[in-house]
Amino acid sequence: MILYVISVGLSITMGLMGFINLAHGVFAMAGGYILSTVMARLGVPFPLALACAFLVVSLGSVVLERLLYSRLYAAGELSQVLFSIGLILMSMAVARLVFGNLAAPIFLPDYLRGQVHVTGRDFPTYRVFLIFFSALLIVLLWFGVERTRWGAMVRAAVDNRSMAQSVGINTSHLFMITFALGSGLAGLGGALGADILPVQWSYPFEHLVSFLIVVAVGGLGSLCGPFVAALLIGVADTACKYWIPEFGAFLIYAATIGILLWRPMGLFGVRA
Amino acid sequence: MSGYTSNPRIRWQESLPWILALGAFFLMPEYLSLGARILTYILWALSLDLILGYAGIITLGHSAFFGLGAYTAGILSARYGVTDPFLQLLAAAAAAALLGISTGAVILRTKALTLLMLTLAITSIVLEIANKASWLTGGADGLSGVTVAPILGLFKFDLFGRTAFLYCLVALFLGWLIVRRLIYSPFGAMLTGIRENTTRMHAVGAPVYWRLVLVYTISATMAGIAGALLTQVNQFVGLNVLGLEPSGDLLVMLILGGVGRLYGAFVGPVVYLIAQDYLAKQYPEYWYFGIGLLLIVVVLFARGGILGLIDKVRDKWLQALSRHRSSAKASAR
């Protein structure tokens with residue numbers, strides 16, 4: 001589910017805006033660090049710290065977007081890929097300088113630590129909370145993109161940017177907000193999942209492949225796609241490691257290749 | 001960006017890298033093993049330049065071929081006792097070519113993000129196999145015990161890397177000849193055309209797909225040879241030749257040097273690996289930060305890499321010179 005929250009942000013920046021952003025994990029990592037710092041140093045409660053991670057990361061991403069990303073919207077894929085790799089390397093260096101080599105400590109509040117009894121079995125509260133939270137997020141996002149004026153404007157701008165501009169939509173402003181939302185979601189995902197995917201300086205590179213797989217398999221620009229893909233990948237990965245550990249991550253990659261060959265735009269992708 | 005229209009004759013400047021390399025051989029004997037490593041990376045970068053710079057195929061999985069070549073040579077030597085260096089190279093080339101043509105034929109039908117993901121997934125699979133099949137590859141510990149017989153039965157690989165350096169230099173020279181020949185041929189022009197405008201190349205009747213598969217296979221073969229060279233030089237293969245990271249490193253090197261130029265593949269690895277040798281051990285944080293910053297700056301402001309910058313400065317200088325001359329003439333009148 002964490003994969004989903006992080007990846008849906010990526011699907012928004014990458015799919016809706018058409019920017020190949022490999023540096024997405026950077027925002028997730030930033031979210032995790034913010035959560036950890038705010039909670040440990042300032043004693044902020046967990047929900048507030050989450051909101052804080054979301055807000056700070058989106059604000060930070062706006063600065064980045066205005067300064068750097070917006071210059072590269074029209075540039076080729078290669079420049080975008082390279083640019084975001086550069087960003088990853090820089091952020092990794094900064095994270096290592098500031099926070100050191102060890103993973104950031106995360107203190108969950110007590111009410112998320114225990115177990116929940118459902119139909120005779122125990123589930124860790126934290127994971128149940130994650131699942132509900134993500135489900136809520138899906139509904140909200142779906143509503144936002146499909147049913148609101150903002151969503152319609154974004155879809156219009158993606159389909160035909162110059163046309164949207166000429167009917168009076170401020171597309172550059174719109175893209176900035178969309179980008180902030182996508183990055184903020186990444187920050188939120190990173191913060192939420194900090195207990196499962198430990199936050200450390202190598203984070204953006206380590207998990208890059210899984211984020212990318214989820215987005216590519218799910219299909220660009222769809223909200224439902226990454227959700228299904230994250231579920232699929234998560235379940236398949238765990239199942240494989242459980243039953244046939246000697247294959248490791250092999251099957252995931254094989255499945256990715258297979259799906260991408262079968263449907264090059266991803267499971268729920270729209271042909272551009 | 002050179003193409004079919006430019007003059008294919010070898011210019012005097014093009015002997016510079018070779019003179020420099022030979023000079024390094026005689027003047028810096030203590031750095032020869034680093035030098036040999038740089039030479040293999042140049043060969044690898046050259047192969048990436050062919051598909052990325054000329055044909056415009058964006059890949060994050062070029063390490064699959066490099067690693068396959070490296071492991072083929074290593075396994076042949078350590079497990080099956082084949083120590084002849086040329087036999088190892090040949091086998092590595094064949095294996096990489098096979099992987100190149102079989103994956104290329106499938107994935108080159110896609111483009112953009114899908115293609116990127118497919119290349120990444122392929123190298124991840126190869127990495128996973130190398131990691132898990134430890135009876136064959138040594139797994140995470142790497143494959144040691146690689147022995148290489150003297151080249152042609154005459155030149156033994158010595159401790160100081162003298163033979164290794166010259167051996168790699170010769171291999172690189174041959175690779176360079178082939179790539180140069182390809183780039184200036186009609187085939188090379190067709191690749192540039194596909195990069196610039198695929199639709200139009202379809203329209204003029206060029207077999208775009210087959211050209212891409214062909215160049216991908218050639219490039220994979222070269223990468224395989226480069227990998228085998230690295231194994232022979234290091235007498236060791238580790239998992240670090242596979243996966244996303246070496247591909248990313250290579251991409252960075254090529255971009256720094258200047259993508260889509262024959263000599264960008266030469267400049268990039270030299271600068272990158274020497275800087276890495278000095279900086280990365282002492283200040284790893286600053287090293288990553290610097291490389292990241294450099295990448296962003298290159299992408300935003302200096303699209304041609306180091307060579308592109310040199311070109312620009314030279315052009316400015318020539319312009320200033322001619323302006324100066326004409327004004328001098330005017331004032332003389």
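These numbers come from a predicted model, not from an experiment. (Residues numbered from 1 in each chain as written. Chains lettered and ligands numbered in written order. Predicted model: local features only at pLDDT ≥ 70, side-chain atom pairs only at ≥ 80, totals over all residues.)

1. A short note on the overall build of chain B
The secondary structure content of chain B amounts to 14 helices and 0 strands. Listed by position from the N terminus, the elements making up chain B come as α-α-α-α-α-α-α-α-α-α-α-α-α-α. Here chain B has a C-alpha radius of gyration of 21 Å; the compact-globule value for 333 residues is 20 Å, and the two agree. On the principal axes, the C-alpha backbone points of chain B span a range of 80 × 55 × 40 Å. (Helix = DSSP H or I, 4+ residues; strand = E, 2+ residues; numbered from the N terminus. Rg over C-alpha atoms; globule rule 2.2 N^0.38 Å.)

2. A closer look at the interface of chain A and chain B
Taken together, the contact between chain A and chain B spans 35 residues of the former and 29 residues of the latter. When residues of the side of chain A that touches chain B are assigned to their parent elements, the largest contribution, 17 residues, is made by helix 4 (residues 77-99) of chain A. Partitioning the side of chain A that touches chain B into residue classes produces 27 nonpolar, 4 polar and 4 charged. (Contact = placed C-beta atoms within 7 Å. Nonpolar A, V, L, I, M, F, W, Y, C, P; charged D, E, K, R; others polar.)

3. Some thoughts on the confidence of the model for chain A
Reading fine detail from the predicted coordinates is not recommended where pLDDT is low. Mean pLDDT for chain A: 73, with 71% of residues reaching 70 or above. When pLDDT is averaged over each element of chain A, helix 8 (residues 171-192) of chain A comes out on top at 80 and strand 1 (residues 115-118) of chain A at the bottom at 62. (pLDDT = per-residue confidence, 0-100.)

4. Observations concerning the environment of B:Leu120
With respect to the helices, strands and loops of the structure, B:Leu120 is situated in helix 5 (residues 112-132). B:Leu120 gets classed as buried once you count the C-beta atoms within 10 Å, which come to 25. Note: C-alpha distance between B:Leu120 and B:Trp12 (108 residues apart in sequence) is 39 Å. Residues in contact with B:Leu120, not counting those within four places in the same chain, are A:Val209, A:Leu212, B:Leu60, B:Gly61 and B:Leu244. (Buried ≥ 20, exposed ≤ 12 C-beta atoms within 10 Å, placed from the backbone.)

5. Considering the confidence of the model for chain B
Residue and element names in this part refer to chain B. Summarising the model, chain B shows a mean pLDDT of 79, and 91% of its residues fall at 70 or more. Across chain B, helix 10 (residues 208-234) holds the top mean pLDDT of 87, while helix 6 (residues 134-137) sits lowest at 74. Segment residues 1-5 is flagged for pLDDT under 50; beyond a separation of four residues in sequence, or across chains, it makes 7 contacts in the model. Per the prediction output, this complex has pTM 0.77; the corresponding ipTM is 0.72.

6. Details of the nonpolar core
Within soluble globular proteins, side chains that are nonpolar tend to cluster in buried spots. Among the nonpolar cores identified, the biggest contains 173 residues, and B:Leu43 and B:Cys168 are the most heavily contacted of them. Those residues within four positions of B:Leu43 in sequence are excluded, and the remaining contacts are B:Ala171, B:Leu172, B:Gly175, B:Met222, B:Ile225, B:Ala226 and B:Leu229. (Core = buried A, V, L, I, M, F, W, Y, C linked by C-beta atoms within 7 Å.)

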